[in-house]
Amino acid sequence: MAESTDLRAIRWLRGQLPKLVAGGVINAQSADAIDRHYSAAAARSTNFGFVILAAIGSALVGAGIILLVAHNWDDFSRTTRCGIAFLPLVVAQILGFFVLLRRNDSPAWRESVAILDVATVGTAIALVSQIFQIQGNFANFLRVWMLLSIPIVYLFRANFGAVAYLIGSAAWVLGKAGWSFHRPGTMFFWVLLLLIIPFYGGMVRRGRAGWGFHVLSVALIVAAAIGLQVTVEFANGAVGAVAFAGFFTTVYLAGMRWQDDGSRSLNVLSLIGGLGIAVTAVVLSFEDIWQVRAGFLTTGSSLEQKMAVTIALLFPAAAIALAAWSFARGKIFYSLAAACFPLVATVARLVAGWGPDSGGSSDRRSPFAASILLNVYALVLGIELMVRGIRAGSVLRANFGLLVIAALALARFFDSDLSFVTRGVGFIVVGAGFLIANLFFFRKRGSA
Amino acid sequence: MKSFRLLLFAVVALAQLGLPAGAVWMRSQTLSKGRLWKFRTAPVDPIDAVRGRYVALAFTAEKVPQAEALPPRSTAYAFLKEGSDGFAVVDHLSNTSGHGDNVIKVEPGSWWKGEQHVSFPFDRFWVTEKIAPAAERAYAAGTRPEKENAYVTARVHDGDAALEQLYIDDQPLVEYLRNHPTR
């Protein structure tokens, strides 16, 4: 029920009713009916606030009890401590049954009890481990915790629970990878991520206007990006450029596909995807990035490393498939330059790895050609984004395109051995370009 | 739909309770039926020792005389015996499992000049936040080479090893800290 969420609009409409009746637009009965309809929605929202406060209150009481108990913790027998460890979880589960039976229609109740259950499962496992001196590392603890929590997200349709799950999964993969990023077992992250996808899909289908969609989208993108970074490090096959090009393009294309027709501003997926594409393109324009060997795999690659390479390459494949599918149906709702990014990155990766092996310790082939390709690409991307921004009448998006060009120019100034005078002139040209373009843009908008 | 949801939640709730409860049950079995072993502690890397809510443990028995190195990241089993001073030592290492109250699973580490380093399945002793700093100091003082008076007791039962207590000067840690409040 999207209408019940916009309280400000409801308040405004109810305030307008007497004027509408006085003006003869609607009769008094209709005004009464409208007022009754929206007063129920307002009451539901008050309920939300109450439940949130109640949740905070009960959390504080719980924390207080834990502090009191902790004061004498060492004096309790093992059995007593064990009972205390399980108590919050049992309370949360009883509340869970109550909510499923009696408050299943209230998002506030469902969200609160889901968070409570997820938190108390973690507490119970941690306390039992401590009481019985059960050994084990943090990553294993997190994985068990997340697997016991994911059904709760579905059962209570809990957005906060889903976000907590994604944070936990990202923390797990970082903990599992360790500082070296090369410890085996990290690919299980993608199983954890897949488990939340149906929930996210359901949300996309139901509607993308609410805060839940935005928050969960950001959490999903950040968690997946962290997982992808661990994956490409673990794969050890220089697939990072292609993988991230594919990842951000997939996010961007999905965002553009789900763009609501009426809205002039971009949704959160298109924004993050577009930003990711631009930043990655500028980063990849540096020559040093492209010092890679030919193949994605070395002879010593383990099965899990091969899996990591495959997973990393799934993202560019998905992006190309998405773009091609829309292209074939004649629905091009996206920036063509942005959609081409995975292809460009793949070609650059092949070019960089092509050529005779120098035989030295640094396996240097043709990074220069790859970086030239990416420089040209980033320039085209910047221009296209700017033109699209101008066409859409968005100052922000037009300037974003300009920003990409400026960032590229800056990168080259710092990258190359140009004299101070040349760099100075370059900065002036880029700055003047910004000013002139905006002047032109605003004048055009003013005359229109 | 509603009853299906309730049934599903009941299953999930049972799993959420069952997992920690299973660990409790297994540990309780080992603690009640297992054979008691005493392990002399060894100094730990001070960087490792400060880990907030537990005391990092190392043991003198983790260095085992062995002619050949065990492959790292493999699973090995240590067969324990009681030394002349009453503390546990590793009799021999093996790649094959054995059942009994004298076998624990260990993780092989480095090998140097006929000495194989292994890690026991317990390397931390959980304490409450309140006593953690004092416990850390007492443990460090108790594992100095000139004054070795710290040890732990663990019970071993059917391959499961459960850490029981950390002793300093023959007193359980909490009791020792109560008797030596200034440290």
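Residues numbered from 1 in each chain as written. Chains lettered and ligands numbered in written order. Predicted model: local features only at pLDDT ≥ 70, side-chain atom pairs only at ≥ 80, totals over all residues.

A. How the structure looks around the overall build of chain B. Looking only at helices and strands, one finds four helices and 13 strands in chain B. Expressed as lengths along the three principal axes of its C-alpha atoms, the size of chain B is roughly 70 × 45 × 30 Å. A burial count over chain B gives 26% of its 183 residues as buried. Taking contacts inside chain B between residues at least 6 apart in sequence as the whole, the part at least 24 apart equals 63%. (Helix = DSSP H or I, 4+ residues; strand = E, 2+ residues; numbered from the N terminus. Buried ≥ 20, exposed ≤ 12 C-beta atoms within 10 Å, placed from the backbone. Contact = placed C-beta atoms within 7 Å.)

B. Here's a closer look at the overall build of chain A. The helix and strand inventory of chain A stands at 17 helices and zero strands. Each of the 448 residues in chain A was classed as buried or not, and the buried ones make up 36%. A separation of at least 24 residues holds for 69% of the contacts in chain A among residues at least 6 apart in sequence.

C. A look at the interface of chain B and chain A. Each partner contributes residues to the interface: chain B has 24 residues there, and chain A has 23 residues. Looking at the side of chain B that touches chain A, the elements with two or more residues in it are helix 1 (2-33), strand 8 (124-126) and strand 12 (160-168) of chain B. Ranked by residue count, the leading element in the side of chain B that touches chain A is helix 1 of chain B, at 14 residues. Grouping the amino acids of the side of chain B that touches chain A by side-chain chemistry returns 18 nonpolar, two polar and four charged. (Nonpolar A, V, L, I, M, F, W, Y, C, P; charged D, E, K, R; others polar.)

D. Main features of the pairing of strand 6 (residues 103-112) of chain B. Residue and element names in this part refer to chain B. Pairing geometry for strand 4 (residues 76-82) and strand 6, over four bridges, is antiparallel. Paired with Ala78 across the strands is Ile104, a residue of strand 6. By the bridge criterion, four bridges tie strand 6 to strand 7 (residues 115-119) in an arrangement that is antiparallel. Paired with Trp111 across the two strands is Gln116, which belongs to strand 7. Between strand 6 and strand 7, which pair antiparallel and follow one another directly, the connecting turn spans two residues, one of which, Lys113, has a positive phi of 50 degrees. (Pairing = 2+ DSSP bridges.)

E. Local environment of the sheet that holds strand 3 (residues 63-65) of chain B. Residues and elements named next belong to chain B. Here five strands make up an open sheet; going across it, the order is 3-7-6-4-5 and the pairing antiparallel. A strand with exactly one partner marks an edge of an open sheet, and here the two such strands are strand 3 and strand 5 (88-94). Strand-to-strand, the axes of this sheet are offset by a mean angle of 50 degrees, without reference to chain direction. (Axes fitted to C-alpha atoms, helices over the stretch in contact; angles between N-to-C directions.)

F. Representation of unusual backbone geometry in the model. We note that Lys113 of chain B has phi near 50 degrees; this positive angle belongs to a residue other than glycine. Judged by the 5 C-beta atoms lying within 10 Å of it, Lys113 of chain B falls in the exposed class.

G. The packing of helix 15 (residues 367-392) of chain A against helix 16 (residues 395-415) of chain A, seen in detail. All names here are of chain A. One can describe the packing of helix 15 onto helix 16 by two numbers: an axis separation of 6 Å at closest approach and a directional angle of 165 degrees. Between helix 15 and helix 16, the angle is such that the two are roughly antiparallel. For the element pair helix 15 and helix 16, the recorded crossing hand is left-handed. Within the contact between the two elements, helix 15 uses Asn375, Ala378, Leu379, Leu381, Gly382, Ile383, Leu385, Met386, Arg388, Gly389, Ile390 and Ala392 and helix 16 uses Arg397, Ala398, Phe400, Gly401, Leu402, Val404, Ile405 and Leu408. (Parallel < 35°, antiparallel > 145°, perpendicular 65-115°, else oblique. Left-handed = near helix turned anticlockwise from the far one by under 90°.)

H. Structural view of the confidence of the model for chain B. On average, residues of chain B carry a pLDDT of 84, and 93% of them reach 70 or more. For chain B, per-element mean pLDDT is lowest for helix 2 (residues 46-49) of chain B, which scores 46, and highest for helix 1 of chain B, which scores 92. (pLDDT = per-residue confidence, 0-100.)

I. Quick peek at the nonpolar core. One finds Leu166, Ala243, Ala281, Ala312 and Leu381 of chain A to be the most contacted residues of the largest nonpolar core, which totals 111 residues. Leave out the neighbours within four places in its chain, and Ala281 of chain A touches Phe341, Leu374, Tyr377, Ala378 and Leu381 of chain A. By size, the runner-up hydrophobic cluster in this structure holds 33 residues, among which are Val55, Val64, Leu80 and Val152 of chain B. (Core = buried A, V, L, I, M, F, W, Y, C linked by C-beta atoms within 7 Å.)

J. Examining the sheet that holds strand 1 (residues 35-40) of chain B more closely. All names here are of chain B. With respect to topology, four strands assemble into an open sheet ordered 1-11-12-13, the strand pairing being antiparallel. At either margin of the open sheet sits one strand with a lone partner, and together these are strand 1 and strand 13 (171-172). One ladder, built from eight bridges, connects strand 11 (residues 150-157) with strand 12; its direction is antiparallel. Across the sheet, His157 pairs through a bridge with Asp160, a residue of strand 12.

K. Seen up close, the packing of helix 4 (residues 107-131) of chain A against helix 1 of chain B. Between helix 4 of chain A and helix 1 of chain B, the shortest axis-to-axis distance is 10 Å and the interhelical angle comes to 0 degrees. In terms of orientation, helix 4 of chain A lies roughly parallel with respect to helix 1 of chain B. Residue-level inspection shows Val121, Ala124, Ile125 and Val128 of chain A of helix 4 of chain A in contact with helix 1 of chain B, the latter providing Gln16, Pro20, Ala23 and Val24 of chain B. Across the contact of helix 4 of chain A with helix 1 of chain B, the residue classes tally to seven nonpolar, one polar and no charged.

L. Structural detail: the confidence of the model for chain A. Residues and elements named next belong to chain A. Across chain A, the average pLDDT comes to 83, with 86% of residues at 70 or higher. Confidence, read as mean pLDDT per element, is least for helix 2 (residues 28-71) in chain A (70) and greatest for helix 7 (residues 189-194) (96). Contacts for the low-pLDDT stretch residues 1-5, under 50 throughout, to residues beyond four places or in other chains number eight contacts.

M. Fine view of helix 3 (residues 132-142) of chain B. All names here are of chain B. Those residues of helix 3 not exposed but buried are Ala135, Ala138, Tyr139 and Gly142. Buried residues along helix 3 cover an arc of 100 degrees about the axis, so they all sit on one side. Tucked into the core, helix 3 has its buried residues touching strand 2 (54-56), strand 9 (143-144), strand 11, strand 12 and helix 4 (173-179). (Arc of directions from axis to C-beta.)

N. Highlighting helix 6 (residues 159-177) of chain A. All names here are of chain A. The end-to-end C-alpha distance of helix 6 is 27 Å, a good match for the 27 Å that 19 residues give at a rise of 1.5 Å each. The buried count for helix 6 comes to 14 of 19 residues, which makes it a mostly enclosed element. Looking one or two places after helix 6, you find Gly178, whose phi comes out positive at around 70 degrees. (Expected span 1.5 Å × (residues − 1).)

O. Quick peek at the environment of Ala132 of chain B. In this structure, Ala132 of chain B sits in helix 3. Sequence separation between Ala132 of chain B and Ala61 of chain B is 71 residues, and the spatial gap between their C-alpha atoms is 25 Å.

P. Quick peek at the environment of Ser39 of chain A. Looking at where Ser39 of chain A falls in the secondary structure, it is placed in helix 2. Placed 28 residues apart in sequence, Ser39 of chain A and Arg11 of chain A show a C-alpha to C-alpha distance of 9.3 Å.

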